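Remarks on the overall topology
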Amino acid sequence: MPLPAGATEPMALTALYMIALIAGLAGAGLVYMVMFDSLSESELVTLTPLWFFPIVFGLYGFVSQRLLRRIASGRAGTLHEAARLSIDVAGHWAALVLFPFLVLKWRSSLLVSLAAALFWAVLLWLFFTAVFPTL
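**Regarding a nonpolar patch on the surface**
A surface patch of nonpolar side chains, about 550 Å² in accessible area, is lined by Leu30, Tyr32, Met33, Val34 and Phe36. Among the secondary structure elements, Met33 is positioned in helix H1 (residues 11–34).

So, in C-alpha cells, the structure goes:
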C-alpha cells in the first residue's frame, strides 16, 4: 500500500537526526576514549549531556519516523498503536525505551524526539542527583 501524499517527513529531518546521532557518538568517543584519563569524575558527569542528548534525539528521531511510517501505511492508527506493535515484536523491555511513544499523540518526529529527549533528561538528572552520589 503506497504512503498517502505528505506522509513522509522532509529529508532534512532525517539528516538532522543522523548528524545529531553521529555528533553524540563522536562526543562520547572523544570523552571516553581520548580525554577520559585527563578528566575528573565530576567533569565526566558534566560532559554527559553534551553527548547523551544528541544520541537520544537522533535515535528517537529515527524511531519516531519509523512509527509514523507505520501509521501512514495503515498498519497502525496512532503512535501508541505503532509503539505497541514494536513492543509486541521486541518484548516488554522495549516499553521502557518506547514509553514516550505510548503517551504522545503528535505526528511530528521532531516534537516526539524533543519530548523523548526531555523525558530522558529528567531521568538522567534524577540519576545524577539521587543515585549517583550514593555509589
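**Considerations on the side chain of Gln65**
Its place among the elements puts Gln65 in helix H2 (residues 41–72). Residue classification places Gln65 among the buried positions, given a relative accessible area of 7%. Among the polar contacts listed, one links the side chain of Gln65 to the side chain of Thr14, at a separation of 3.1 Å. Beyond its immediate stretch of four places on either side in the chain, Gln65 contacts Glu9, Pro10, Leu13, Thr14, Tyr17 and Ser109.

**Considering helix H3 (residues 79–90)**
Helix length check: H3, at 12 residues, gives a terminal C-alpha distance of 16 Å against a target of 16 Å (1.5 Å per residue), a fit within 8%. Within H3, the full set of buried residues consists of Leu79, Ala82, Ala83, Ser86 and Ile87. When H3 is viewed along its axis, its buried side chains cluster within an angular range of 140° and face the same direction. Exposed residues lying more than 90 degrees from the buried face of H3 are Asp88 and Val89. For H3, the secondary structure elements touched by its buried residues are H2, helix H4 (94–103) and helix H5 (109–131). Just past H3, the residue Gly91 takes up positive phi, approximately 110°.

**Considering the pattern of salt bridges**
Under the definition given, this model contains one salt bridge. Note that Asp88 is salt-bridged to Arg84, the shortest N-O span being 3.7 Å. In this pair, Asp88 and Arg84 are both assigned in helix H3, four residues apart and thus about one turn of the helix distant. Here Asp88 falls in the exposed class, since its relative accessible area comes to 55%. Given the relative accessible area of 32%, Arg84 is considered partly exposed.

Thresholds applied
- Residues numbered from 1 in each chain as written.
- Predicted model: local features only at pLDDT ≥ 70, side-chain atom pairs only at ≥ 80, totals over all residues.
- Heavy atoms only, no water.
- Patch = residues over 30% accessible without salt bridge, like charges linked within 9 Å, V, L, I, M, F, W, Y side chains within 5 Å.
- Areas by Shrake-Rupley, 256 points an atom, 1.4 Å probe, with all protein chains shown as cover.
- Salt bridge = Lys/Arg side-chain N within 4 Å of Asp/Glu carboxyl O.
- Helix = DSSP H or I, 4+ residues; strand = E, 2+ residues; numbered from the N terminus.
- Buried < 20%, exposed > 50% of the residue type's maximum accessible area, 1.4 Å probe, protein only.
- Polar contact = N/O pair within 3.5 Å; in protein donor to acceptor, adjacent residues only side chain to side chain.
- Contact = heavy atoms within 4.5 Å.
- Expected span 1.5 Å × (residues − 1).
- Arc of directions from axis to C-beta.

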